[in-house]
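Residue-level structural notes
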Amino acid sequence: MRDRGLILTGLTIFLALLLAPVWQAALRGSARKPEPKIVTKAKQCVEPTAEMRRNHMQLLNTWRDTVVRRDQRTYLAADGKTVTMSLSGTCMSCHPNKKEFCDACHNYLAVNPYCWECHIEPKEKS
Amino acid sequence: MGEDRRRFLKLAGLTALCAAGKGSLARLAGAETTAAGGAAKQVRWAMVVDPRKCLEKEGCTACIDACNHAHNVPSFDNPKHEVKWIWKEPFADAFPDQDARYVDPALTAKPALVFCNHCDNPPCVRVCPTQATWKRGDGVVMMDWHRCIGCRYCMAACPYGSRSFNWEDPRPHIKDLNPDFPTRTKGVVEKCTFCDERLDKGQPPACVAACPEKAMIFGDLNDPDSEVRRLLRSRFALRRRASLGTQPEVFYLV
Amino acid sequence: MLEKALVGSRGYWRWLLVLGAVMVLGGIAYLRQFAFGLGVTGLSRDVTWGLYIAQFTFLVGVAASAVMVVLPYYLHDFKTFGKLTILGEFLAISAVTMCMLFIFVDMGQPTRVLNVMLYPTPHSLMFWDMVSLMGYLVLNTVISHVTLAAERNAVAPPRWIKPIIILSIPWAVSIHTVTAFLYSGLAARPFWMTAILAPRFLASAFSAGPALLILFCLVLRRITRFDAGREPIQRLAIIVTYAMLINVFFVLMELFTALYSNIPEDAEHFKFLYVGLAGNSTLVPWMWTSAALSVAALVLLVNPKTRHNETTLAAACVAVFVGLWIEKGLGLIIAGFEPSVLGKVTVYTPTLPEVLISLGIYAFGLALITLFFKIALSVRGQVAA
């Protein structure tokens, strides 16, 4: 352990860099929170909002596999409603504001879902 | 007697092993492929092409245009990067095993309309390492563009050249974007899917609907009264490279 | 043991630096391919596999060839190869790693490559190829590590390693057989759909691999204190000779069957290779070079005088390796697509990024071999002269 000093210094610098977002937020008081803007006709999404917020990615994955691989296009929601499983057809008809809705959080979290490499996003005015 | 018992035990052991192996293999392989909902419908989609009716108007590309627009098929200037779902191929290249030198040139001088044959025994499905392509219960050979890893093994295995690869991002090369159908991303394989999205709505494939001469007839092979079965009963039909045992389900009337 | 790779002469570091530079170039080219897509290569709708898959196929053979030193030593107690087995195993590890990298860079969607494991598909030969390559990599890593560690500690290797070594022998045959099955099971490609493809792959592997090993031994003798000795090299030379004879024999059998039967779809691929087809003769000079090199190699190898002379033997080994590289690393894959299933002949020439990526992977493999050999020779105290 001759190099203990060096190793510990290195580790400290590494951890400091790694945790930069955490201590920066702590210094500033609070982290900036994304606010997805919901402009919608319906009162509620296919499932409750909290559920959608947390699990929309799993739901979309299930939709994707059910439509493409199991040849079924209708989704039976928990409350008995049925909807057509379609990202650009169903989701985006209520949420046509991809930039303010999808991207607001995705950009904040630096996640880059590949949906829009193929699916066509609704035309936005801006 | 002892010898017989030993043989019996060996055989029984071997049988049990095979059964167990088959079970686990089936679980490995079939979990998703057999889940298709087509089993209840008992439909077997197929296409009959009548080349005598096709192209009666010279240079007609109605079916190709309809397909390209419906599915956002890009058009590349570089022929190496071409993406094709349905296209015209010289008769001799589409049917390399048909030596038709003395046949009425009215038939063989015309290019043939070619697209995915939706084989009953599809080699592309056999080789795909991720089940990104598979045969549905209704016979449609489907593609899952979310799962394809772009290894292009299916393209090597397809005897019809029906598959295309996205050598680059196709988006900028689509002239007239159809918002109701996704494009593809670079690095995946694509092909004709018999318009699965239209079949689910009870509509025939876009090419069939677009043909002004009704030269393409789509229907259910399992229904003996369907038009495709009626045509195949009354007229002789070719299938592309039928000797390979792929059981193509696209028929060309003679 | 890895620390042995971290100290070395100036020449050692210079060599690694050169390899590193080539790897960086390859890496940059790969970033370009990753961003744009496989369109940066010369591949096309008709010629869908090219340089990458061909290198993969060739290197599977190099990897499998380790069995040619392992089998005589462990199964026949042929002590002469004692010093060589570890080199063979290290060569196998590097070659399999390069194989995997070549498959990886050929993927259109590299980020999804683990789908092969996520959705295991036993009816696809590619699944089995992955299983056999991974298994072979693990086997050789374990074997070489355990035997070398035992050698360093001057004790006999543990008993449990013996069955693993024995297992690695049929496994080596399996990797190249399964790789041949990737191609020979395709009804669409008559050029590959031949029962002799797997035997042919093995024959070419068992000549190209040991030829490379001979060359390594000769180089190591000059730049290190490791001397494989005359006898092992001569024994390897005999293996190369027989395997090469069998390989040429197999190729001639293929040519006879295709050309004499004169079934167009069988014959056309060979015509494309040796005389050109539909005005396309890009591979013709290469294939005749390969044929000439094979003949020259056989003359030098069959003749005892030239085989015993290590200078001419080295020339013969270079000829074997280059000749087979052209045959398998260029001709075999590309000709399967020429003509295409629709009778078209499309020019395929690898592009600069494609070549750089391939060179980068070869540099990576060479660097791995260098590090491994360095470790093995350091353990034996035979590093630099």
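What counts, and where the lines are drawn
What you see as residue numbers is a count from 1 along each chain, following the sequence as written. For this description, chains carry letters from A and ligands carry numbers from 1, given in the order in which they are written. Predicted model: local features are reported for residues with pLDDT of at least 70 only, side-chain atom pairs are reported and counted for 80 or more only, and whole-chain, interface and lining totals are derived from all residues. The side-chain figures draw on all heavy atoms in the structure; neither hydrogens nor water molecules are used. Only DSSP runs of H or I reaching four residues or more are called helices, and only runs of E reaching two or more are called strands; each is numbered from the N terminus. Radius of gyration here uses only the C-alpha atoms, and the compact-globule reference equals 2.2 Å multiplied by the residue count raised to the power 0.38. The rule is simple: take the accessible area with a 1.4 Å probe, protein chains only, and divide by the maximum for that residue type; under 20% is buried, over 50% is exposed, in between is partly exposed. Pairing of aromatic rings covers Phe, Tyr and Trp, the last counted by its six-membered ring, and requires centre-to-centre distances within 6.5 Å; plane angles under 30 degrees mean stacked, over 60 mean edge-to-face, and any other angle means tilted. By definition, being over a ring means that NZ of Lys or CZ of Arg is both within 6 Å of the ring centre and within 35 degrees of the ring normal. Note on geometry: axes are C-alpha line fits, over the in-contact stretch for helices, and angles between N-to-C directions span 0 to 180 degrees. Note that the term roughly parallel is reserved for angles under 35 degrees, roughly antiparallel for angles over 145, roughly perpendicular for angles of 65 to 115, and oblique for everything else. When the near helix sits turned anticlockwise from the far one by under a right angle, the crossing is termed left-handed; a clockwise turn instead gives a right-handed crossing. What makes two residues a contact is simply this: any of their non-hydrogen atoms within 4.5 Å. In the scheme used here, Gly and all other residues not listed as nonpolar or charged are polar, with Ala, Val, Leu, Ile, Met, Phe, Trp, Tyr, Cys and Pro taken as nonpolar and Asp, Glu, Lys and Arg as charged. Note: buried area is the sum, over both parts, of the accessible area (probe 1.4 Å) each one loses when the two are combined. Take a side-chain nitrogen of Lys or Arg and a carboxyl oxygen of Asp or Glu: if they are within 4 Å of each other, that pair is a salt bridge. Buried Ala, Val, Leu, Ile, Met, Phe, Trp, Tyr and Cys residues form a nonpolar core when they are joined through side-chain atoms within 4.5 Å. Like-charged residues are merged into a patch within 9 Å and nonpolar side chains (Val, Leu, Ile, Met, Phe, Trp, Tyr) within 5 Å, provided each residue has over 30% relative accessible area and no salt bridge. Shrake-Rupley sampling with a 1.4 Å probe provides the accessible areas, and residues are treated as covered by the protein chains on show and by no other component. Two strands make a pair as long as DSSP finds a minimum of two bridges between them. Given a helix with a known number of residues, its expected span is that number minus one, times 1.5 Å. The bend at a residue is defined as the angle formed between two axes, one fitted to the seven residues ending at that residue and one fitted to the seven starting there.

Quick look at the overall build of chain C
Within chain C, the regular secondary structure consists of 14 helices and 0 strands. Rg of the C-alpha trace for chain C: 21 Å, near the compact-globule value of 21 Å for 385 residues, within the 12% margin. Principal-axis analysis of the C-alpha atoms gives chain C an extent of 65 × 50 × 40 Å. Taken across its 385 residues, chain C has 59% of its residues classed as buried.

A few points about the environment of Glu227 of chain B
When you line up the elements, Glu227 of chain B lands in helix H10 (residues 227-234). Put simply, Glu227 of chain B and Ile217 of chain B are 10 residues apart on the chain and 7.5 Å apart in space, counted from C-alpha to C-alpha.

What about the packing of aromatic side chains?
Any pair of aromatic rings gets described here by the distance separating the centres and the angle formed by the planes. As enumerated under the stated definition, the model contains 29 aromatic pairs over all chains in all. Seen in terms of ring centroids, Phe102 of chain C and Tyr362 of chain C are 5.7 Å apart; in terms of plane orientation they differ by 65 degrees. Their pairing is edge-to-face. Note that Phe102 of chain C is positioned in helix H4 (residues 85-105) and Tyr362 of chain C in helix H14 (residues 352-379), a separation of 260 residues in sequence. Pairwise contacts between aromatic rings join Tyr153 of chain B together with Trp49, Tyr183, Trp192, Phe201 and Phe337 of chain C into one cluster. Here Arg32 of chain C stacks its cationic end above the ring of Phe36 of chain C, 5.5 Å away from the centre of that ring. Here Arg112 of chain C stacks its cationic end above the ring of Tyr114 of chain A, 5.0 Å away from the centre of that ring.

Side note on the packing of helix H10 (residues 264-274) of chain C against helix H13 (residues 310-336) of chain C
All names here are of chain C. For the pair H10 and H13, interaxial distance at closest approach is 10 Å and the crossing angle is 135 degrees. Taken together, the axes of H10 and H13 are oblique relative to one another. Helix-helix and strand crossings are classified by hand; for H10 and H13 the assignment is right-handed. The segment H10 lies against H13, with His269, Phe272 and Leu273 engaging Gly331, Ile334, Ala335 and Gly336. By residue class, the composition of the contact of H10 with H13 is 4 nonpolar, 3 polar and no charged.

What about the interface of chain C and chain B?
Residue-level contacts link 44 residues of chain C with 49 residues of chain B. Around 3800 Å² of area is buried between chain C and chain B when both sides are counted, 55% of it from carbon and sulfur atoms. Scanning the region where chain C abuts chain B turns up 4 salt bridges. Ionic pairing is found between Arg152 of chain B and Asp106 of chain C, a salt bridge with its closest N-O pair at 2.7 Å.

Focus: the packing of helix H2 (residues 51-64) of chain C against helix H8 (residues 197-223) of chain C
Residues and elements named next belong to chain C. Running from N to C, H2 and H8 point in directions that differ by 70 degrees, and their axes come no closer than 7 Å. One finds that H2 runs roughly perpendicular with respect to H8. Both H2 and H8 take part in a crossing whose hand is right-handed. Contacts from Thr57, Phe58, Gly61, Val62 and Ala64 in H2 reach Phe201, Ala205, Phe206, Ala208 and Leu212 in H8. Of the residues in the contact of H2 with H8, the class split is 8 nonpolar, 2 polar and no charged.

Quick look at the pattern of salt bridges
In the structure shown here, the tally under the stated rule is 31 salt bridges over all chains. Here Lys344 of chain C ties to Asp93 of chain B by a salt bridge, and the two come within 3.4 Å at their closest N and O atoms. With Lys344 of chain C in the loop between H13 and H14 and Asp93 of chain B in helix H4 (residues 91-94), this residue pair bridges two chains. We note a salt bridge from Asp120 of chain B to Lys135 of chain B, for which the minimum N-O separation is 3.2 Å. On the criterion of sequence distance, the pair formed by Asp120 of chain B in the loop between strand E3 (112-115) and helix H6 (123-127) and Lys135 of chain B in strand E4 (residues 133-135) is long-range, its members being 15 residues apart. Classification of Asp120 of chain B as partly exposed rests on a relative accessible area of 33%. One connected set of salt bridges, linked through shared partners, spans Arg44, Asp120, Lys135, Arg239 and Glu249 of chain B.

Notes on the nonpolar core
If you look at the biggest cluster of nonpolar residues, it comprises 192 residues, and the most contacted ones within it are Met47 of chain B together with Trp49, Tyr183 and Trp192 of chain C. For this core, the element with the most residues is H8 of chain C, which contributes 16 residues. The residues contacting Tyr183 of chain C, other than those within four sequence positions of it, are Trp49, Ile53, Phe56, Thr57, Trp192, Leu197, Phe201 and Ile333 of chain C. By size, the runner-up hydrophobic cluster in this structure holds 14 residues, among which are Trp63, Leu87, Met92 and Trp116 of chain A.

Topic: a nonpolar patch on the surface
Residues and elements named next belong to chain A. Judged by side-chain polarity, Leu6, Ile7, Leu8, Leu11, Phe14, Leu15, Leu18, Leu19, Val22, Trp23 and Leu27 come together as a nonpolar surface patch covering roughly 1200 Å² of accessible area. Elements that contribute at least two residues to the nonpolar patch include exactly helix H1 (4-18) and helix H2 (20-28). The element best represented in the nonpolar patch is H1, accounting for 7 residues. Topologically, Leu18 is positioned in helix H1. According to the relative accessible area criterion, Leu18 is exposed, its value standing at 53%.

Focus on the environment of Asn115 of chain C
Of note, Asn115 of chain C is situated in helix H5 (residues 115-118). Other than its neighbours up to four places away in sequence, Asn115 of chain C contacts Thr130, Arg147 and Ile149 of chain B.

Observations concerning the pairing of strand E10 (residues 250-253) of chain B
Residue and element names in this part refer to chain B. Because side chains alternate across E10, one face comprises the buried residues Val250 and Tyr252, and the other comprises Phe251 and Leu253, equally buried. Two strands pair when backbone bridges link them, and strand E1 (residues 45-49) and E10 are joined in this way by 3 bridges, in the parallel orientation. Bridging across to E10, Met47 finds its partner in Val250. Sheet topology note: the strand E9 (residues 237-238)/E10 ladder contains 2 bridges and is antiparallel. Directly across from Ala237, in E10, lies its bridge partner Leu253.

Describing the sheet that holds E10 of chain B
Within a sheet, neighbouring strands are paired by backbone hydrogen bonds and run either parallel or antiparallel to one another. Residues and elements named next belong to chain B. Taken in spatial order, the 4 strands line up as E8-E1-E10-E9 in an open sheet, and their pairing is mixed. Strand pairing shows two members of the sheet lacking a second neighbour, strand E8 (216-220) and E9, which therefore form its edges. Against the sheet, H10 touches E1, E8, E9 and E10, its axis set at about 110 degrees to E8.

Things to note about helix H7 (residues 161-184) of chain C
Residues three or four positions apart in an α-helix share a direction because the helix packs 3.6 residues into each turn. Between its first and last C-alpha, H7 of chain C extends 34 Å over 24 residues, near the 34 Å set by a 1.5 Å rise per residue. Most pronounced at Pro170 of chain C, the bend in H7 of chain C amounts to some 25 degrees.

Details of helix H3 (residues 67-75) of chain C
All names here are of chain C. Those residues of H3 lying buried are Val67, Met68, Val69, Val70, Pro72 and Tyr74. Among the structural elements, H2, H4, helix H6 (125-152), H7, H8 and helix H9 (230-261) are those in contact with the buried residues of H3. Asp77 sits one or two positions beyond H3 and adopts a positive phi of about 55 degrees.

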